[in-house]
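Working through the structure, step by step
As a plain string of letters, each chain reads:
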Amino acid sequence: MSTLPRVFLNPKEENEIKQGFPWIFDNEIAFIKNGNSQEKIIDTKLADGSVVEVMTKSGLYLGTGIFNKKSKITVRIMSRNGISEEGTSPFTQDFFTKRIQEAYDLRFAFYNKSDSYRLIFAEADYLPGLIVERYVDIENRVFLVIQFLALCVDKYRKEIIEALREVCKPFGIFERSDASVREKEGLEQISGWING
């Protein structure tokens, strides 16, 4: 049984979420409970970056995401498959490798190995706030340019970078997380080579 904090929505706020919308705004949240207990917790006691379950007002599971009270988008849903019975986070190295492999396979159906293209389209690839561009130079070396635009992916940057290395085998990775939107997530801007 899950021990993760649970974010309960106001009545009827779940309609868009059920249709696939991945964001929970601050004004859509009714209350937060500590796991399966009846104890309500104040969101200021829940640390930014916490893994949470999103529930309807009546307690129906909608998804698992990352909590960030600094952002108007308080929860970004990253999975709708539920969690392990131990209540542990589903966001492991394997989770990110699988998501990135799925995006890679999808793009590869339309592009050649020598093509440059956008590999990860954030929410469209079920990785909210992550943008990855794949470039191939004249020597057929692959370079990736990545942006971590939300706390939910920045929290897992190590796992995501390792997954990108495993799936794409890039010659180099350059980070361009220097967009002002990061400040709305409580993150500082970063730019520079990660490797290569």
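Everything that follows concerns the structure shown earlier in this document.
What comes next concerns the included structure. This structure is a prediction, so every number in the text was calculated from the model and none was measured. (Residues numbered from 1 in each chain as written. Predicted model: local features only at pLDDT ≥ 70, side-chain atom pairs only at ≥ 80, totals over all residues. Heavy atoms only, no water.)

Let's talk about helix 2 (residues 93-108)
The terminal C-alpha atoms of helix 2, which comprises 16 residues, lie 22 Å apart, in line with the 22 Å expected from a rise of 1.5 Å per residue. Residues Phe95, Phe96, Thr97, Arg99, Ile100, Ala103, Tyr104 and Arg107 constitute the buried set of helix 2. Here the buried face of helix 2 lies against strand 7 (73-79), strand 8 (117-121), strand 9 (130-136) and helix 4 (157-168). (Helix = DSSP H or I, 4+ residues; strand = E, 2+ residues; numbered from the N terminus. Expected span 1.5 Å × (residues − 1). Buried < 20%, exposed > 50% of the residue type's maximum accessible area, 1.4 Å probe, protein only. Contact = heavy atoms within 4.5 Å.)

Brief notes about a nonpolar patch on the surface
There is a patch of nonpolar side chains on the surface, built from Leu106, Phe110 and Tyr111 and spanning about 350 Å² of accessible area. When you line up the elements, Leu106 lands in helix 2. (Patch = residues over 30% accessible without salt bridge, like charges linked within 9 Å, V, L, I, M, F, W, Y side chains within 5 Å. Areas by Shrake-Rupley, 256 points an atom, 1.4 Å probe, with all protein chains shown as cover. Salt bridge = Lys/Arg side-chain N within 4 Å of Asp/Glu carboxyl O.)

Observations concerning the pattern of salt bridges
The final tally for this structure, using the stated rule, is 16 salt bridges. A salt bridge links Glu123 to Arg76; the nearest nitrogen and oxygen atoms lie 3.4 Å apart. Remark: Arg76 occurs in strand 7 and Glu123 occurs in the loop between strand 8 and strand 9; sequence separation between them is 47 residues. The buried category is assigned to Arg76, whose relative accessible area is 9%.

Looking at the pairing of strand 10 (residues 142-148)
Counting buried positions along strand 10 yields five of seven residues, so the element is predominantly enclosed. Judged from the seven bridges that link them, strand 9 and strand 10 form a sheet pairing that is antiparallel. Looking across to strand 10, one finds that Glu133 is bridged to Val145. Where strand 10 lies against strand 11 (residues 172-177), four bridges are found, and the strand directions are parallel. In the strand pairing of strand 11, Val145 is matched with Phe174. (Pairing = 2+ DSSP bridges.)

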